[in-house]
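Descriptive analysis of the structure
Read off the chains here:
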There are 2 protein chains.
Amino acid sequence: MPTLPSWNDTAAKQAITAFVTRVTTEGGADYVPPNERIAVFDNDGTLWCEMPVPVQAFFADDRLRALAPQHPEWLTTEPFRSKLANDMKGVMASGMKGITELMAATHAGMTTVEFIEIVRHWLATAKHPKLGRPYTELAYQPMLELLAYLRTSGFTTFIVSVGGVEFMRVFAEEVYGVPPHQVIGSTIKTHFEMQGDTPVLVRDPALDFFDDKAGKPVSINKYIGRRPIACFGNSDGDREMLMWTTLGRADGRPAFGLIVHHTDAEREFAYDRQHVLSGQLDKGLDEAPLYGWVLVDMKNDWKTVFAEP
Amino acid sequence: MPTLPSWNDTAAKQAITAFVTRVTTEGGADYVPPNERIAVFDNDGTLWCEMPVPVQAFFADDRLRALAPQHPEWLTTEPFRSKLANDMKGVMASGMKGITELMAATHAGMTTVEFIEIVRHWLATAKHPKLGRPYTELAYQPMLELLAYLRTSGFTTFIVSVGGVEFMRVFAEEVYGVPPHQVIGSTIKTHFEMQGDTPVLVRDPALDFFDDKAGKPVSINKYIGRRPIACFGNSDGDREMLMWTTLGRADGRPAFGLIVHHTDAEREFAYDRQHVLSGQLDKGLDEAPLYGWVLVDMKNDWKTVFAEP
């Protein structure tokens, strides 16, 4: 099996394999021992499709509709009224407070075990509105190969995403080969209690940590406790973790940064600087050449985007 | 090499090896696949000595004295005045607010990289006041063997401690063989900033999460995302994580709980129900037989406590 078969033999692929060769060549000046070979990946737009909205937003939407019959008051209460009417302007008008209420209504109030079952059932039945396939089939084949290639090369691979950690963990091991304890994301508060003789963790309607932008280096430090030597993202939400990985390293370790640039309107979606709900890539396009981050041109660098059904 | 050579062949050792055999025997009714073989260990009093006070309290004390010359105001300000005068009653009188101020003064205000260097230097030079050895030599030899035995049996081993995560990570990989991303503990807040061209994380004087008692199942869920099948503790601070591991499992997985009971005043320290600064074991002594948790009698179950210098 050749290395990274779904990648064309362009500069992006060559940069990846050159870096991996450098850090894994024993006796070489840039050799990095396996326990320091930490690679971090954003999820939405980096490992799987995030358009037209991130997958978890589809989940929240479906969940809200499923719960709506038990909540007649939502028909007259914001932000629920606007959300159920697909009025995104109305939702946005309710601001962070409204978003938080939607999140609480759809993601809290159950045990962690119950939440996992809800997500599992949804993933097994829901399909992407445009691409017509289950979301878990919309992982990028070249990135799955990259994850596997890095692990074969002694890397430990982590996901560091703004997505909810308990949402991602339901599929990350099966789809990405990344076990739950290597998935980092946004968290809501939980508390422990005994329900009779059974201990449970209940998901509370309050944000614990929002894992985006400057929050990503914070969570990398908190969960991993070691600076990554390779970082893969696709948007300005990944900017600070790219900086944390690649800039001003006093430890002298070589480091690698890569941005997936969505240039393929035909096989997936094309977007970058324009304001989008998730995945805006503006500063990153300017900074990539400056900081030596590799820009992947999906259209030209990838032979395949999604695996065949 | 025999299994667990520093353990006497008593009921405790037999219970450990019987459990590991059960969950690793392919085709057996209680077989657990490797990715679910999660074992969690408390640190202070479970993996290393916590008497007369936890090691990190010695660190905080030394650090306070090192900084005192730059803070003449501490001589007249509580809780600093009491702490520098070794007046624990005075410190306690300042309550949680005082403890937090001491923690902030000794553990915050520097970058994460600087903090690691401070801890590393301290560990290399400080010695236990009674036992006269570097703290990192005061890991329990039988527990080091147990960590290694579980890993050899396909377990992933985690530390889940009230101790500061960035304090423990300095030595956990070398001493316990537990990499930084498998060390979970209390955290203080940090923030990301650019200092010129260099990205840093600064440790802020504010608690992020206190990882004790009912906080332990919460952090296990947040960091590991999977229920452990084996849990090792020594005090009532570990009670909820023992419950979370062993009680009322809907997944039907077998589970194992163990409490290290400090019964050896000669080779280490003897303490349990009495009020102590760290490591009180009161409820756990009553609940162990009720819930099937194995009680390790250090004096009779361990051949050796500490490795020879």
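The rules behind each value
- Residues numbered from 1 in each chain as written.
- Chains lettered and ligands numbered in written order.
- Predicted model: local features only at pLDDT ≥ 70, side-chain atom pairs only at ≥ 80, totals over all residues.
- Heavy atoms only, no water.
- Salt bridge = Lys/Arg side-chain N within 4 Å of Asp/Glu carboxyl O.
- Buried < 20%, exposed > 50% of the residue type's maximum accessible area, 1.4 Å probe, protein only.
- Least-squares fit on C-alpha atoms with pLDDT ≥ 70 in both.
- Contact = heavy atoms within 4.5 Å.
- Axes fitted to C-alpha atoms, helices over the stretch in contact; angles between N-to-C directions.
- Helix = DSSP H or I, 4+ residues; strand = E, 2+ residues; numbered from the N terminus.
- Parallel < 35°, antiparallel > 145°, perpendicular 65-115°, else oblique.
- Nonpolar A, V, L, I, M, F, W, Y, C, P; charged D, E, K, R; others polar.
- Patch = residues over 30% accessible without salt bridge, like charges linked within 9 Å, V, L, I, M, F, W, Y side chains within 5 Å.
- Areas by Shrake-Rupley, 256 points an atom, 1.4 Å probe, with all protein chains shown as cover.
- Expected span 1.5 Å × (residues − 1).
- Left-handed = near helix turned anticlockwise from the far one by under 90°.

Some points on the pattern of salt bridges
Within the structure shown, the criterion is met by 42 salt bridges over all chains. We note a salt bridge from B:Arg81 to B:Glu78, for which the minimum N-O separation is 2.9 Å. When its relative accessible area of 35% is taken as the criterion, B:Glu78 is described as partly exposed. Here B:Arg133 makes a salt bridge to B:Glu137, at a shortest N to O gap of 3.0 Å. The network of salt bridges with shared partners includes A:Asp42, A:Lys216 and A:Asp238.

So, the relation of the copies chain A and chain B
If you rotate chain A by 180 degrees and push it 0.0 Å along the axis, it lands on chain B with an RMSD of 0.0 Å. As the rotation angle and translation indicate, the two copies are arranged about a two-fold axis. Using C-alpha coordinates, one finds that chain A approaches the rotation axis most closely at A:Tyr223, a distance of 3.4 Å. A high fraction, 100%, of the interface residues of chain A reappear at the interface in chain B, so the copies pair face to face through one surface.

Re the packing of helix α2 (residues 55-67) of chain B against helix α6 (residues 112-125) of chain B
Residue and element names in this part refer to chain B. Interhelical geometry of α2 versus α6 gives an angle of 105 degrees and a closest axis separation of 11 Å. For the element pair α2 / α6, the angle class is roughly perpendicular. Contacts between α2 and α6 involve Val55, Phe58, Phe59, Asp62 and Arg63 from the former and Phe115, Ile118, Val119 and Trp122 from the latter. Split into classes, the residues belonging to the contact of α2 with α6 amount to 7 nonpolar, no polar and 2 charged.

Points about a nonpolar patch on the surface
Residues and elements named next belong to chain A. There is a patch of nonpolar side chains on the surface, built from Met88, Met92, Met96, Ile99 and Leu277 and spanning about 460 Å² of accessible area. If you list the elements that add at least two residues to the nonpolar patch, you get α4 (88-93) and α5 (95-107). By secondary structure assignment, the location of isoleucine 99 is in helix α5.

Let's talk about α5(A)
All names here are of chain A. The end-to-end C-alpha distance of α5, which contains 13 residues, comes to 18 Å, matching closely the 18 Å that a straight helix rising 1.5 Å per residue would cover. Every buried residue of α5 is accounted for by Gly98, Leu102, Ala104, Thr106 and His107. Looking at the buried residues of α5, the elements they touch are α2 (55-67), α3 (80-84), α4, α6 (112-125), β3 (183-195) and β4 (198-209). Once α5 finishes, glycine 109 follows within two positions and takes phi at roughly 90 degrees, a positive value.

Topic: the packing of helix α1 (residues 11-24) of chain B against helix α7 (residues 141-152) of chain B
Residues and elements named next belong to chain B. Packing of α1 against α7 brings their axes to within 11 Å, and their N-to-C directions diverge by 15 degrees. Taken together, the axes of α1 and α7 are roughly parallel relative to one another. At the point where α1 passes α7, the crossing takes the right-handed sense. In contact with Ile16, Thr17 and Val20 of α1, α7 contributes Leu146, Tyr149 and Leu150. Across the contact of α1 with α7, the residue classes tally to 5 nonpolar, 1 polar and no charged.

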